[in-house]
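Breakdown of the fold
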Amino acid sequence: MNLINSYAQLPEHFYAHTQTASVPKPALIAWNEDLAAHLGLNDLGADKESLVRIFSGSEPLPGGKTIAMAYAGHQFGHFVPQLGDGRAALLGEVVSPVDGARYDIQLKGSGQTPFSRRGDGKSSLGPVIREYLLSEAMHRLGVPTTRALAAVSTGEMVIRESDEPGGVLTRVAASHIRVGTFQFFAARNDQDALAELTHYATARHYPDATTKERPVLAFFSEVVEAQAKLIAHWMALGFIHGVMNTDNTAISGETLDYGPCAFMDEFHIDKVFSSIDQHGRYAYGQQANMAQWNLARLAECLMMLEGEQEDYESALERFQPHFEAHYFALMCEKLGLASHNKSHDELVTGWLQHLQDHQLDYSLSFRQLAARMNKNDSPVFGQFEIRWLQCIDEQPGGRQSAGQLMASTNPVVIPRNHQVERAIQAAFQGDFSVFNELRQVLAEPFTEQPGFACYSEPPLAHERVAMTFCGT
Ligand code: AMP
Ligand code: MG
């Protein structure tokens, strides 16, 4: 196995060379065999000792050139001209023997880089466990996302609000190019670099756009569509990203950075979890708007290369119809409605209003609604339920096919914050059983798994996690 380094072949100022730190007592917490097979890395799994050395950053992978990527970004609306990988190192890339796609292999929490500023470049075990569980769950739920190949504990403590055991996550992504990567060069008025980055990103992610008459605009339109689809998926799952800064917006359309994020328990359109999002900028219901705001920042960069403002404005105007089409299609399926039209879309809105008015659990309510098709007693979900059942009965497939559709689109289990928190707290004590159980149950989110019913349940009052913190 040899890593390749196409990003490291770009001009020197796209990144900084860096070295991963050795850690005192690394131990493997998780190795994702499934993903390893997809990447053609399954042979690595045979030697657990070497897995630990490689994925703790103690031993380089053959062929790799370890770099920290440069990027800038708008954080909560404020532009920071230089961020960059401060606690991450890109080891290199592999091409999957399964789908032929190229993937980045990145260590997160592997020590300081030239972009670390005042940070230690390390990660607590908490965010490692969190990102592992959430990103893998996201993948199994069918949403584009970075993934987790491995997790190790380092045997050293990192200083956070209190001292916490350290960890390193191995993240796999279609690439780590962000809106903020474009902003880095645009802020420096470096048109050559911007052109080279755009060319690279287009060829890597949207090769069809390279053959278009106006390839930069074509690239932009592709990114707009990918983001619209992504946010629609998030919303349909009740997911709140929490920190949709431009440096956390991947050009590939994958979910990137699982910091202060959450799968909602009880539904509310304005729900915010992140402790750092005091004004609700990235509230659940704001996500489509914020994605468009981020895309407008990308447009400002690309305009330096090709096209006029109006061209980008009209490309960006297609976000909303794309988003709505995907969102309502997904939501209608979740309600067992095979087609989506105006009256079905109204049912979606009515359902959400009902959930919000009665403070009902988002994911669980869909499953409970599905079960209502087999009952003849008085409705549990009020007037909504009566209207909804009428629509179901009018459909050609009736209740049976609606039931199948709902079972395949409404997860039995999502990574709820209180369970993720439980896994983290146990891991801090050296107990990985909750983490492992969650990994197992989240691998099949649409299947009822006997013995694991507790993972479907919303939190009890004392288990409720009201806030999540930044992923450091
Ligand atoms: P995030 O909020 O996780 O997207 O990170 C924003 C920026 O802060 C990125 O440039 C990170 O590399 C940097 N950063 C976050 N935590 C650390 C850390 N512990 N050490 C160094 N840099 C960090
Ligand atoms: Mg980030």
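Residues numbered from 1 in each chain as written. Chains lettered and ligands numbered in written order. Predicted model: local features only at pLDDT ≥ 70, side-chain atom pairs only at ≥ 80, totals over all residues. Heavy atoms only, no water.

Regarding the packing of helix H4 (residues 179-187) against helix H5 (residues 191-205)
To keep it simple, the criterion reads: With axes taken as lines fitted to C-alpha atoms, and helix axes fitted only over the stretch in contact, angles between N-to-C directions fall between 0 and 180 degrees. A run of H or I in DSSP becomes a helix once it reaches four residues, and a run of E becomes a strand once it reaches two; helices and strands are each numbered from the N terminus. With respect to orientation, any angle under 35 degrees is reported as roughly parallel, any angle over 145 as roughly antiparallel, any angle of 65 to 115 as roughly perpendicular, and every other angle as oblique. Helix crossings fall into two classes, left-handed where the near helix is turned counterclockwise from the far one by less than a right angle and right-handed where it is turned clockwise. The contact criterion used is simple: two residues touch if any of their non-hydrogen atoms lie within 4.5 Å.
Two elements in contact, H4 and H5, have axes whose closest approach is 9 Å; the angle formed by their N-to-C orientations is 160°. Of the possible angle classes, the one that applies to H4 and H5 is roughly antiparallel. The interaxial crossing formed by H4 with H5 has left-handed handedness. Residues Thr181, Phe182, Phe185 and Ala186 of H4 touch H5, and the partners they reach there are Ala193, Leu194, Leu197, Thr198 and Ala201.

Details of the coordination of the magnesium ion (ligand 2)
Inclusion rule: In this analysis a donor is any N, O or S atom within 2.8 Å of a metal ion (3.2 Å for sodium, potassium and calcium), and since water is not included, sites may seem incomplete. Note on exposure labels: buried denotes an accessible area under 20% of the residue type's maximum, exposed denotes more than 50%, and partly exposed covers the range between, all computed with a 1.4 Å probe on protein chains only.
Protein-derived coordination of the magnesium ion (ligand 2) comes from Asn248 (OD1) and Asp257 (OD), at a distance range of 1.9 to 2.1 Å. With relative accessibility at 13%, the residue Asp257 sits in the buried group.

Points about helix H13 (residues 398-409)
Stated precisely, the cut-off is as follows: Expected span, for any helix, means 1.5 Å times one less than how many residues it has. Arc definition: directions from the helix axis to the C-beta atoms.
In this model, H13 (12 residues) spans 17 Å end to end at C-alpha, consistent with the 16 Å of a helix rising 1.5 Å per residue. For H13, every residue scored as buried is listed here: Gly398, Ala402, Met406 and Thr409. Looking down the long axis of H13, one finds its buried residues gathered within 75° of arc, a one-sided arrangement. Turned more than 90 degrees off the buried face of H13, the exposed positions are Gln400 and Gln404. In the core, the buried residues of H13 are packed alongside helix H9 (319-334), helix H11 (362-371) and helix H12 (382-394).

Side note on the nonpolar core
The nonpolar side chains of a soluble globular protein tend to be buried, and buried together. Rules: Only buried residues count toward a nonpolar core. Its members are Ala, Val, Leu, Ile, Met, Phe, Trp, Tyr and Cys residues joined through side-chain atoms within 4.5 Å. Domains are outlined according to an automatic or database domain assignment.
Counting 122 residues, the largest nonpolar core has Tyr7, Phe182, Phe220, Ile251 and Trp388 as its most contacted members. The biggest single contributor to this core is helix H6 (residues 215-237), with 16 residues. Shared between two domains, this core holds at least three residues of each, these being domain 1 (7-173) and domain 2 (179-327). Apart from the residues lying within four places of it in its own chain, the contact partners of Phe182 are Ile177, Leu194, Leu197, Thr198, Ala201, Phe219, Ile251, Leu298, Cys301 and Leu302.

Observations regarding the domain arrangement of the protein chain
Often the size quoted for an interface is simply the accessible area lost on bringing the parts together. For the record, the criterion: Salt bridges are counted wherever a side-chain nitrogen of Lys or Arg sits within 4 Å of a carboxyl oxygen of Asp or Glu. Polarity classes work like this: nonpolar for Ala, Val, Leu, Ile, Met, Phe, Trp, Tyr, Cys and Pro, charged for Asp, Glu, Lys and Arg, and polar for all others, with Gly in that last group.
When cut into domains, the protein chain gives domain 1 (7-173) and domain 2 (179-327). For domain 1 versus domain 2, the distance between C-alpha centres works out to 22 Å. The interface formed by domain 1 and domain 2 contains three salt bridges. Mapped by element, the contributors of at least two residues to the side of domain 1 that touches domain 2 are strand E4 (73-75), strand E7 (102-108), helix H3 (125-140) and strand E10 (163-173). Sorting elements by how many residues they give to the side of domain 1 that touches domain 2 places H3 first, with five residues. Class assignment for the residues of the side of domain 1 that touches domain 2 results in 18 nonpolar, 10 polar and seven charged.

Regarding the packing of aromatic side chains
Both the distance between ring centres and the angle between the ring planes are used here to describe each pair of aromatic rings. Rules: Aromatic rings from Phe, Tyr and Trp, taking only the six-membered ring of Trp, are treated as a pair when their centres fall within 6.5 Å; an angle between ring planes under 30 degrees marks them as stacked, one over 60 as edge-to-face, and anything in between as tilted. Each ring is checked for a lysine NZ or an arginine CZ that lies within 6 Å of its centre and within 35 degrees of its normal; such an atom marks a charge sitting over the ring.
Taken as a whole and assessed by the stated rule, the structure comprises 23 aromatic pairs. Ring centres of Trp351 and Phe384 lie 5.0 Å apart, and the angle between their planes is 35°; this geometry places the pair in the tilted category. Of the two residues, Trp351 is situated in helix H10 (residues 342-357) and Phe384 in helix H12; the sequence distance between them amounts to 33 residues. The pair formed by Trp351 and Phe384 is uniform in burial state, with each residue classed as buried. Every member of this aromatic cluster is reached through a ring pair, and the members are Phe267, Tyr284, Trp351, Tyr362, Phe366, Phe381 and Phe384. Of note, Arg188 hangs over the ring of Phe184, and the distance from its end group to the ring centre comes to 3.7 Å. The side chain of Lys334 reaches across the aromatic face of Phe366, ending 4.4 Å from its centre.

Quick look at H5
With 15 residues, H5 extends 21 Å from end C-alpha to end C-alpha; this agrees with the ideal 21 Å at 1.5 Å per step. Residues Ala193, Leu194, Leu197, Thr198, Tyr200, Ala201, Thr202, Arg204 and His205 constitute the buried set of H5. In this structure, the buried residues of H5 make contact with strand E6 (88-95), E7, E10, H4, H6 and helix H7 (287-302).

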